[in-house]
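Here's the letter readout for the chains.
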Amino acid sequence: NRNVRSEANGLSVRISKANNLRGAQFYLEGPGGLKFGLYGDRYERIDETSGAKGERNHHGYSAQLDREFFTVRAEHMRETGFGSSSDLQNSYANIIVRPTEKWHFAVEQSMGDQRVFPNGYPSVKIPSVRSTGAAVNYLVSASAKFKLEHHWRRGYQFDAYVPPTAIVSNAVVVQPSAYTN
């Protein structure tokens, strides 16, 4: 697994491997299209770049209401472990409205928070991404559709590095986030 992470001092490329994954996932379906979910796992992560080893944990929960003309869905996930520098949280909620069989409208709000650990300074929680999206779908057939979609993003997770923190007067401050339309 190779990933690029935004850290206090820049981007870092990490090559890692996961061993001994243990986990469980449960769903409870209720009346009227209501569904709840719970998920958790734990595994050994080996950072092949630095040689570090440690346990990583994920846990999440979800809720969904699926009716004839609309769907409402929300999920939250948290990742911790593997040393003090791993604390990520992600959530989203979306609504899909289907006024006709052919037309579907959707909106989604998602957010991610990350705790960064600048060398020699206390940790800082940053809003790494905030995203709002909207879409209009027209279903031509069961296997084809036209889609118009747009997202508005604010945060630090972009193709180019956006530094989340800076040291000012010997204190860690969160930098202004970037914005895209």
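Everything here concerns the structure above.
No experiment lies behind these values; they were computed from the predicted model shown.

**Q** Can you walk me through the overall build of the protein chain in this structure?
**A** Regarding its fold elements, the protein chain presents zero helices and 12 strands. Going from N to C terminus, the protein chain has its helices and strands arranged as β-β-β-β-β-β-β-β-β-β-β-β. Across the 181 residues that make up the protein chain, the buried fraction comes to 29%. In the protein chain, of all internal contacts separated by at least 6 residues, the share reaching a separation of at least 24 is 40%. On the protein chain, roughly 11,400 Å² of surface is accessible, and the fraction owed to carbon and sulfur atoms is 56%.

**Q** Even after reading the chapter, I still don't get the pairing of strand β3 (residues 34–47), so can you show me in this structure?
**A** Regular strands show a simple pattern: their side chains alternate between the two faces of the sheet. Where β3 lies against strand β4 (residues 53–66), 13 bridges are found, and the strand directions are antiparallel. Residue pairing across strands places Gly-37 opposite Ser-62, the latter belonging to β4. A loop of five residues connects β3 with β4, the two strands running antiparallel in sequence, and Gly-51 in this loop sits at a positive phi of about 85 degrees.

**Q** Can you walk me through a nonpolar patch on the surface in this structure?
**A** There is a patch of nonpolar side chains on the surface, built from Phe-69, Phe-70, Val-72, Ile-95, Val-97, Trp-103, Phe-105 and Val-107 and spanning about 650 Å² of accessible area. Of all the elements in the fold, those that place two or more residues in the nonpolar patch are β5 (70–81), β6 (87–97) and β7 (103–116). If one sorts the elements of the nonpolar patch by residue count, β7 sits on top with three residues. On the accessibility criterion, Phe-105 (36% relative accessible area) is partly exposed.

**Q** What is the right way to look at the pattern of salt bridges in this model?
**A** Where charged atoms of side chains with opposite charge meet at close range, the side chains can pair. Throughout the structure, instances matching the rule amount to seven salt bridges. The partner of Arg-42 in a salt bridge is Glu-55, and the shortest N-O contact between them spans 3.2 Å. Of this pair, Arg-42 sits in strand β3 while Glu-55 sits in strand β4, and the two are 13 residues apart along the sequence. Judged by its relative accessible area of 27%, Glu-55 falls in the partly exposed class.

**Q** What is the right way to read the pairing of β7 from this model?
**A** As paired strands, β6 and β7 are joined by 10 bridges and run antiparallel to one another. Each bridged residue has a counterpart across the sheet, and for Tyr-92 the counterpart in β7 is Ser-110. Taken together, β6 and the strand that follows it, β7, pair antiparallel across an intervening segment of five residues. Both β7 and strand β8 (residues 124–141) contribute to a ladder of 13 bridges, which runs antiparallel. Of the residues in β8, the one forming a bridge with Ala-106 is Ala-135.

Cut-offs used in this document
- Residues numbered from 1 in each chain as written.
- Predicted model: local features only at pLDDT ≥ 70, side-chain atom pairs only at ≥ 80, totals over all residues.
- Heavy atoms only, no water.
- Helix = DSSP H or I, 4+ residues; strand = E, 2+ residues; numbered from the N terminus.
- Buried < 20%, exposed > 50% of the residue type's maximum accessible area, 1.4 Å probe, protein only.
- Contact = heavy atoms within 4.5 Å.
- Areas by Shrake-Rupley, 256 points an atom, 1.4 Å probe, with all protein chains shown as cover.
- Pairing = 2+ DSSP bridges.
- Patch = residues over 30% accessible without salt bridge, like charges linked within 9 Å, V, L, I, M, F, W, Y side chains within 5 Å.
- Salt bridge = Lys/Arg side-chain N within 4 Å of Asp/Glu carboxyl O.

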